[in-house]
Amino acid sequence: MTIRFGVSPIAWMNDDLPELGGETSVETVLSDVAEIGFSGIELGGRFPRRAAQLAPLLARYRLDLIGGWWSMRLLTRSATAEIAAMQRHLDLLEALGAPVFIAAECSNAIHGDRTRPLADGPRLRARDWPLFGERVNAVAAHVETHGLKFAYHSHLGTVVERAEDLEHFLNHTAAHVGLVADTGHLALGGLDALSLIRRQPGRIAHVHAKDVRGQVFERILRQRGSFLDGVVAGMFTAPGDGDLDFGPLMRALADTAYEGWIVIEAEQDPKMADPRTYSRLGLGTLMEAAGGAGMIPAAAAAE
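Quantities reported herein were computed from a predicted structural model and do not represent experimental measurements. The written sequence of each chain sets the order in which its residues are numbered from 1. Since the coordinates come from a predicted model, pLDDT governs what is reported: local features require at least 70, and pairs of side-chain atoms require 80 or more to be given and counted, while whole-chain, interface and lining totals use all residues. Note that the side-chain values use all heavy atoms of the structure and ignore hydrogens as well as water.

Draft legend 1. Up close: helix H10 (residues 246–255). Across the 10 residues of H10, seven count as buried, placing the element largely inside the fold. Only protein chains enter the accessibility calculation, which uses a 1.4 Å probe; a residue whose area is less than 20% of its type maximum is buried, one above 50% is exposed, and one in between is partly exposed. Helix and strand definitions follow DSSP, with helices as H or I runs of at least four residues and strands as E runs of at least two, each counted in order from the N terminus. For H10, every residue scored as buried is listed here: Phe246, Gly247, Leu249, Met250, Ala252, Leu253 and Ala254. Counting of polar contacts relies on pairs of N or O atoms within 3.5 Å, with two restrictions inside protein: one atom must be capable of donating a hydrogen and the other of accepting it, and residues adjacent in sequence are counted only when both atoms are side-chain atoms. The N-cap residue of H10 is Asp245: its side-chain oxygen and the backbone nitrogen of Gly247 are 3.0 Å apart. Looking one or two residues past H10, Ala257 carries a phi angle of roughly 60 degrees, positive in sign.

Draft legend 2. Just helix H3 (residues 79–95), in detail. In a regular helix each residue adds 1.5 Å, so 17 residues correspond to 24 Å; H3 covers 23 Å between its end C-alpha atoms and thus fits that length. Note on bend: at a given residue it equals the angle between the axes fitted to the 7 residues ending there and to the 7 starting there. By the largest-angle criterion, Gln87 marks the main kink of H3, which is about 50 degrees. Taken residue by residue, H3 has Ala79, Glu82, Ile83, Met86, Gln87, His89, Leu90, Leu92 and Leu93 as its buried positions. Contacts were defined at the residue level, with two residues in contact if any of their heavy atoms lie within 4.5 Å. Where the residues of H3 are buried, they touch helix H2 (51–60), strand S3 (64–65), strand S4 (67–72), strand S5 (100–105) and helix H4 (129–145). At the exit of H3 stands Gly97, carrying a positive phi of roughly 75 degrees. Here the expected span of a helix is defined as 1.5 Å times the quantity of residues minus one.

Draft legend 3. Region of interest: the packing of aromatic side chains. Aromatic pairing here means that ring centres of Phe, Tyr or Trp (its six-membered ring) are within 6.5 Å. Orientation follows from the plane angle: under 30 degrees is stacked, over 60 is edge-to-face, and everything else is tilted. By the definition in use, this model includes five aromatic pairs. Aromatic pair Trp129 and Phe132: ring centres 5.8 Å apart, planes at 65 degrees, arrangement edge-to-face. Residue Trp129 and its partner Phe132 are both found in helix H4; the two are separated by three residues, about one turn of the helix. A relative accessible area of 1% places Trp129 in the buried class.

Here it is as structure tokens:
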């Protein structure tokens, strides 16, 4: 099977906390990403939103657009309204040939609010799961008609955060609703990424590889800090710099015949953790682990 390695711009410029990397230009990010050796990049908040502008910009650096995040509001609006709201975003991804549409429910999320303790994440009542799942199914089906995979992102500070939440989600959504296997969010949410990959291989539509510093996370919980406090304090880092072992992860992906992108997404304060240094470390860690698992990284599309 073949895989491709990409990166999120969040290590350079953080959309949830603009003061982190706010002075960094999009061109600087793309130049760094290409120089490090990545094949593609996910959409950042400050990237152009017109295909006629974004396509030549990415082509200049020989990078593919992998996908982009969408904040859904399905607890407060219908699937039809959600589809209408996201259509321009979906059209951009489709025009650029991105294979993945990444989404999470954010109508009551707290991960972007520094006044809300991470320990007080939202919970969905049992009676609300069927309608929520029905709406997710409809949105995912619409995304598929445009040729992209729908990948739901379990995320700290949202209604799909813990093992119990993910089980409800899986039980109330159809098989065509894919998942982002985000190693960092899964680990800190008390979930086992390896178990998820082996148990639900058909659901794994996309992979985010980030490492964690569990002691930092536990301290943030004890201090009633927010998700963004945790980011600034360094609860996430690049693969190879934290608590997780990526060898077993790559073997699980190989054993389940995963094909697609593996994206390093490790948000930290770029002034404290140089994104070039940490992204190189992450890429090297993943390539070594992939080689050990017999996975073959594909060449960049432009080569």
